[in-house]
Amino acid sequence: MNQVIELIKADVKKEKPAVESLGFGKHFTDYMFVMDYNDEDGWHHPRITPYAPLVLEPSAMVLHYGQAVFEGLKAYRAKDGRVLLFRPEKNVARLNMSCARLSIPQIDEDVVLDAIKQLVELEKDWIPNEEGTSLYIRPFIIATESSLGVHPAHEYKLMIILSPVGSYYGDQLKPVRIYVEDEYVRAVPGGVGFTKTAGNYAASLKAQEKAEQMGYDQVLWLDGVERKYIEEVGSMNIFFKINGEVVTPKLNGSILGGVTRDSVIQLLQYWNVPVREVRISIDEIYEAYQKGQLEEVFGTGTAAVISPVGELGWKDIIMELPNAEDPDTIAKRLYDALTGIQLGKTEDPLNWTLEIK
Ligand SMILES: *Cc1c(COP(=O)(O)O)cnc(C)c1O
């Protein structure tokens, strides 16, 4: 299905940044996709316009009550020049899932997927070629209705912006240091932890700041009720390899169900590596560590793909995971397999890539 998307041409094109200066989410391409919603017309007027500042009422509801959802995925340039997306239908479905929880009207998933494809096709010269780089795709929806009354808005904008990105942590499989947060919480059962909504990030900044002050890279969240069970890392899901078996927290309503998380579980199953979704406490992790059974810890997410954890700090305990730099880990094997599939370098046994042409 190819919807008619109006194209409003840019008069001038930007100069593309040097690959060394890409970073994450600092540069944006020439065009963006925009679509509006109101109760009368539903989602309407899909268009690709020059990337430019928005005009919003200061009373736009998103600015006051935070009705905002987003997604994050990447377009990759294969060695042979093909442009590949990785399981984009999962992101589009998750966008609607987030919308449902935030009382934002559902959107036709084919329309959003088609918008992503058309925008990336138009901007494909922005996809960098170098190892570890890609074009980050950020779809998001905000409530634009002018009103200070608290209610689900009657007007919204869906936008898609694109950003060429370098590798997330610099050297890709550089181990990260993670701090187990036991004071602040990110999400509670019945809340919005399972959605990609702006407020989850606003709520996480304080703990992230605290972890950074202590010399850590990111926070590992515990459950919001008992402050005991492992949930996830800042923008990654978390996996542990204990005594030969890989485990990850079960999706319980307060954890974001990552596309990378799902892909890792499926790949491990495909390889016949034992993997289970469990409810696991930080005490159990520490116990496994003390017995010498905690073999690997790694995070999963679109931005960094796989991040081995080299150190886990919890209160005054430091769990060192020297394996993190070992080339024979499950983390490394998963990283190679996923990036191989994403870049079209290896077979795609589970049929995850979508070529844009
Ligand atoms: C986006 C996100 C993830 C990772 O999801 P992917 O689909 O794998 O990128 C994990 N946790 C949170 C809180 C997130 O927002």
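Residues numbered from 1 in each chain as written. Predicted model: local features only at pLDDT ≥ 70, side-chain atom pairs only at ≥ 80, totals over all residues. Heavy atoms only, no water.

Going by an unreviewed UniProt entry, the protein carries the name Branched-chain-amino-acid aminotransferase and comes from Weizmannia acidilactici. Quoted verbatim from the Sequence similarities (unreviewed entry) heading of the UniProt record, the comment on the protein is "Belongs to the class-IV pyridoxal-phosphate-dependent aminotransferase family." (UniProt positions renumbered as here; feature names shortened; annotations may be inferred.)

Engineer: Quick question: what am I supposed to make of the site of the ligand here?
Structural biologist: Not every one of the 15 residues close to the ligand is listed here, only the nearest: K196, Y201, E232, T260 and T302. Measuring from an oxygen atom of the ligand, one finds a side-chain N or O atom of K196 at 2.7 Å. The separation between an oxygen atom of the ligand and a polar side-chain atom of T260 is 2.6 Å. With the chains in place, 96% of the 380 Å² that the ligand exposes on its own is no longer accessible. The residue makeup of the shell around the ligand, split by class, is four nonpolar, seven polar and four charged. (Near = heavy atom within 4 Å. Polar contact = N/O pair within 3.5 Å; in protein donor to acceptor, adjacent residues only side chain to side chain. Areas by Shrake-Rupley, 256 points an atom, 1.4 Å probe, with all protein chains shown as cover. Nonpolar A, V, L, I, M, F, W, Y, C, P; charged D, E, K, R; others polar.)

Engineer: What exactly am I supposed to notice about the packing of helix α2 (residues 88–101) against helix α3 (residues 109–122) here?
Structural biologist: A packed helix pair is summarised by two numbers, namely the angle formed by the two axes and the spacing between the axes. Across the interface, α2 lies against α3 with an axial gap of 10 Å and an inter-helix angle of 130 degrees. Classified by the angle between their axes, α2 and α3 sit oblique to one another. For the pair α2 and α3, the sense of crossing is right-handed. Counting all contacts with α2, which are made through P88, E89, V92, A93, L95 and N96, the residues of α3 involved are E109, V112, L113 and I116. Considering only residue class, the contact of α2 with α3 consists of seven nonpolar, one polar and two charged. (Axes fitted to C-alpha atoms, helices over the stretch in contact; angles between N-to-C directions. Helix = DSSP H or I, 4+ residues; strand = E, 2+ residues; numbered from the N terminus. Parallel < 35°, antiparallel > 145°, perpendicular 65-115°, else oblique. Left-handed = near helix turned anticlockwise from the far one by under 90°. Contact = heavy atoms within 4.5 Å.)

Engineer: Before we go on, may I ask you to explain the packing of aromatic side chains in this structure?
Structural biologist: Pairs of aromatic rings are described using the distance from one ring centre to the other and the angle between the two planes. Within this structure, the stated rule accounts for 10 aromatic pairs. On the basis of an interplanar angle of 20 degrees and a centroid distance of 6.4 Å, the ring pair of Y286 and Y289 is categorised as stacked. Here Y286 pairs with Y289, and both are found in helix α6 (residues 282–290), just three residues apart, close to one helical turn. When its relative accessible area of 21% is taken as the criterion, Y286 is described as partly exposed. (Phe/Tyr/Trp six-rings, centres within 6.5 Å; stacked < 30°, edge-to-face > 60°. Buried < 20%, exposed > 50% of the residue type's maximum accessible area, 1.4 Å probe, protein only.)

Engineer: Can you help me understand helix α5 (residues 259–270) in this one?
Structural biologist: Given 3.6 residues per helical turn, the α-helix brings residues three or four places apart onto the same face. The first and last C-alpha atoms of α5 sit 16 Å apart over 12 residues, in line with the 16 Å expected at 1.5 Å per residue. Following α5 by one or two positions, N272 adopts a phi angle in the positive range, close to 60 degrees. (Expected span 1.5 Å × (residues − 1).)

Engineer: Sorry, what's going on with the pairing of strand β17 (residues 317–320) here?
Structural biologist: A regular strand places its side chains on the two faces of the sheet in alternate fashion. Here strand β16 (residues 305–314) pairs with β17 via four bridges, running antiparallel. Along β17, the bridge assignment pairs L312 with M319. Where β16 hands over to β17, the hairpin turn is made up of two residues, of which K315 adopts a positive phi near 50 degrees. (Pairing = 2+ DSSP bridges.)

Engineer: Is there a simple way to think about the nonpolar core in this case?
Structural biologist: Buried together is how nonpolar side chains tend to be arranged in soluble globular proteins. Ranked by internal contacts, the top residues of the largest apolar core, which has 48 residues, are F33, I116, V120, I137, I141 and L158. It is α3 that provides the largest number of residues to this core, a total of seven residues. Apart from the residues within four sequence positions on either side, L158 is in contact with F33, V34, M35, W43, L95, I107, V112, F140 and I141. (Core = buried A, V, L, I, M, F, W, Y, C linked by side-chain atoms within 4.5 Å.)

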